Amino acid sequence: MTNDVVAGRLYGVGLGPGDPELVTVKAARLIEGADVVAYHAARHGRSNARAIAAGYLRDGQVEEALIYPVTTETTDHPGGYQGAIDEFYEQAAARLAAHLDAGRDVVVLAEGDPFFYGSYMHMHKRLAHRYETTVVPGVTSVSAASAVLGRPLMERDEVLTVLPGTLPPDELARRLADTDSAAVMKLGRTFTGVRSALEKAGRLGDAFYVERATMAAERSGRLSEIDPATVPYFSLALLPSPAATAFVQNSPRAERPGGVTVVGLGPGAPGWLTPEAREALAEADDLVGYKTYVDRVPVDPRQTRHASDNKVEAERAAFALDLARRGRRVAVVSSGDPGVFAMAAAVLEVAEDPQWKDVPVRIVPGLTAAQAVASRAGAPLGHDFCVMSLSDRLKPWSVIESRLAGAAAADLVIAIYNPASQTRKEQLVRAREVLLEHRAATTPVIVGRDVGGPEESVRITTLGELDPATVDMRCLLIVGSSQTKAMTRGNGQTIVYTPRHYPAS
């Protein structure tokens, strides 16, 4: 640094928990005026801090993304995880120091408060003794969580303890038992241990969970009702003020009405279950559904499971609605998407009865079997398509045959559900005959069986070579249009796709 250059000033700026409107006036002013804006991010490059501050950035500013070399994964650094992190902080501080030496003011963005479990403090320790430094406090996630729940943290002489979830469960339990109120940070992978500690301390019934407080994806509820598989790092456990608990629990806001949520589980693979569906399942008091589908949901000792046969949809819907009318939160589970040949229509149909007119019903979508099978084969649904069921249990075969002929004549790709069963073998034989009246024998056909499940198989054949005897109830068929193509790629894989453009003729 030359003698005539005045060093820049370092600012650690707290942004609050996530809502950009909770950024302080001072923080906003400093962000807008900074020469350099720095922020920490994982290796994917996305930064929550930058996203919060985005509206206060201006053109011409230098942005410094400080990318962690590791987060929770392993590293081959000779110093192990801590060695890799310490080296990263030294390098990051050096990058910021270069700007400060050049006379540039540097704002380091920090979610929540910079000195509250924040990454900024590691820059502060390395730079504050060398440069003029200002730290701007921000609203902490603990305060935000308390506000989200509408429950005070403490009052009068009560003691609030803030704990990291990374403590050993026994140590955590001891500290939880010795305090009035508590906030437990850093959940994610530690959630199971934190839940165990709360239970051991006799505090589980008083504990709440808050995720991404004040953000669009905010979620909160009783901690005992949260599925551990759905818990991200940006969440915390809260034990609110004991003195205020009785007042809040007796208020009208604390009343919990019952309701029915019809949840799509997707085709079978756990990774295809949506976060919204996981949340709905975790919140339920009762699970209702066909036994095969209920068995796919992990057991929660708090919940009551009501499994039944596959052919009692109306009875199942009435049972769920009656439970909800009595104040229970009921999840009715369906494979795939509940609105596609599944329980959503059954529940809504039964709910027309005046006795259940005041019972809330919500539908949570899921990945359909048609989408799953299509993805395994390529993109056969890339152009206009329709979805049909060959089951004649709820509609006459004459209607099915007429619709098949109409869809074939319209040159639509056709996804066929329920193609055959133990008692329905001839329908697919006749369906193939109808389709061949309108489609060439070389038309690609995809036969997906148990896609997303342990016995998954996907076969690509043609309409002419399709053998109905090889198809059962666990299969879904996709019959191509006249434009659908099957091609073999360089690795020998055959893929099927339907072009997005249709010839004018």
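Note: the structure precedes this text.
Predicted model only: the values in this text are computed from it and were never measured. (Residues numbered from 1 in each chain as written. Predicted model: local features only at pLDDT ≥ 70, side-chain atom pairs only at ≥ 80, totals over all residues. Heavy atoms only, no water.)

1. Examining the packing of aromatic side chains
Part 1: What the rule picks out here adds up to nine aromatic pairs.
Part 2: Arranged with centres 6.2 Å apart and planes meeting at 85°, the rings of Y68 and Y89 form a pair that is edge-to-face. Taken as a pair, Y68 in the loop between β3 (62–67) and α3 (80–101) and Y89 in helix α3 lie far apart in primary sequence, 21 residues in all. Each member of the pair Y68 and Y89 is classed as buried.
Part 3: Considering the side-chain rings of F116 and Y117, the 5.4 Å spacing of their centres and the 80° angle between planes classify their relative orientation as edge-to-face.
Part 4: Given a relative accessible area of 25%, F116 falls into the partly exposed group.
Part 5: Through a chain of ring-to-ring contacts, the aromatic side chains of Y68, F88 and Y89 assemble into a single cluster. (Phe/Tyr/Trp six-rings, centres within 6.5 Å; stacked < 30°, edge-to-face > 60°. Helix = DSSP H or I, 4+ residues; strand = E, 2+ residues; numbered from the N terminus. Buried < 20%, exposed > 50% of the residue type's maximum accessible area, 1.4 Å probe, protein only.)

2. Remarks on the pairing of strand β8 (residues 208–211)
Strand residues, when the strand is regular, have side chains that alternate between the two faces of the sheet.
Part 1: Side-chain alternation along β8 places F208 and V210 on one buried face and Y209 and E211 on a second face that is also buried.
Part 2: The pairing of β8 with strand β9 (residues 219–222) spans four bridges and is classified as antiparallel. Following the sheet pairing, Y209 is matched in β9 by G221.
Part 3: Note that β8 and strand β10 (residues 235–239) share four bridges and pair antiparallel. Across the sheet, F208 pairs through a bridge with L238, a residue of β10. (Pairing = 2+ DSSP bridges.)

3. Remarks on the packing of helix α6 (residues 169–177) against helix α7 (residues 191–200)
Part 1: Where α6 contacts α7, the axes come no closer than 8 Å and their chain directions differ by 45°. Relative to α7, the element α6 is oriented oblique. Of the two possible hands of crossing, α6 and α7 adopt the one that is right-handed. In this structure, α6 contributes P169, D170, L172, A173 and L176 to the contact, and α7 contributes G193, V194, A197, L198 and K200.
Part 2: In terms of residue class, the contact of α6 with α7 is made up of seven nonpolar, one polar and two charged. (Axes fitted to C-alpha atoms, helices over the stretch in contact; angles between N-to-C directions. Parallel < 35°, antiparallel > 145°, perpendicular 65-115°, else oblique. Left-handed = near helix turned anticlockwise from the far one by under 90°. Contact = heavy atoms within 4.5 Å. Nonpolar A, V, L, I, M, F, W, Y, C, P; charged D, E, K, R; others polar.)

4. Regarding the pattern of salt bridges
Part 1: Summed over the entire model, instances satisfying the criterion amount to 30 salt bridges.
Part 2: Note that R212 is salt-bridged to E211, the shortest N-O span being 3.0 Å.
Part 3: Overall, the relative accessible area of 7% leaves E211 in the buried class.
Part 4: Residue D322 pairs with R326 through a salt bridge whose shortest N-O separation is 3.3 Å.
Part 5: Judged by relative accessible area, which is 23%, D322 ranks as partly exposed.
Part 6: Each of R449, D450, E455, D472 and R474 takes part in one network of salt bridges that share partners. (Salt bridge = Lys/Arg side-chain N within 4 Å of Asp/Glu carboxyl O.)

5. Here's the deal with the sheet that holds β10
Whenever strands of a sheet pair, they do so through backbone hydrogen bonds, lying parallel or antiparallel.
Part 1: One open sheet holds the five strands; their spatial order is β6-β7-β10-β8-β9, and the pairing between them is mixed. Every interior strand has two partners, whereas the edge strands, β6 (160–164) and β9, have only one. Put simply, the sheet's adjacent strands are angled 15° from each other on average, direction ignored.
Part 2: Bridge count for strand β7 (residues 181–185) against β10 is three bridges, and the pairing is antiparallel. Across the sheet, the residue bridging to A182 is L239, located in β10.
Part 3: Of the strands in this sheet, β6, β7 and β10 touch α6, which is tilted by about 170° from β6.

6. Things to note about the environment of Q427
Part 1: Structurally, the position occupied by Q427 is in helix α15 (residues 426–436).
Part 2: A sequence separation of 408 residues divides Q427 from D19, and the C-alpha atoms of the two residues are 56 Å apart.
Part 3: Excluding anything up to four places from it in sequence, Q427 contacts L390, D392 and W397.
Part 4: A polar contact is formed between the side chain of Q427 and the side chain of D392, at a distance of 3.0 Å. (Polar contact = N/O pair within 3.5 Å; in protein donor to acceptor, adjacent residues only side chain to side chain.)

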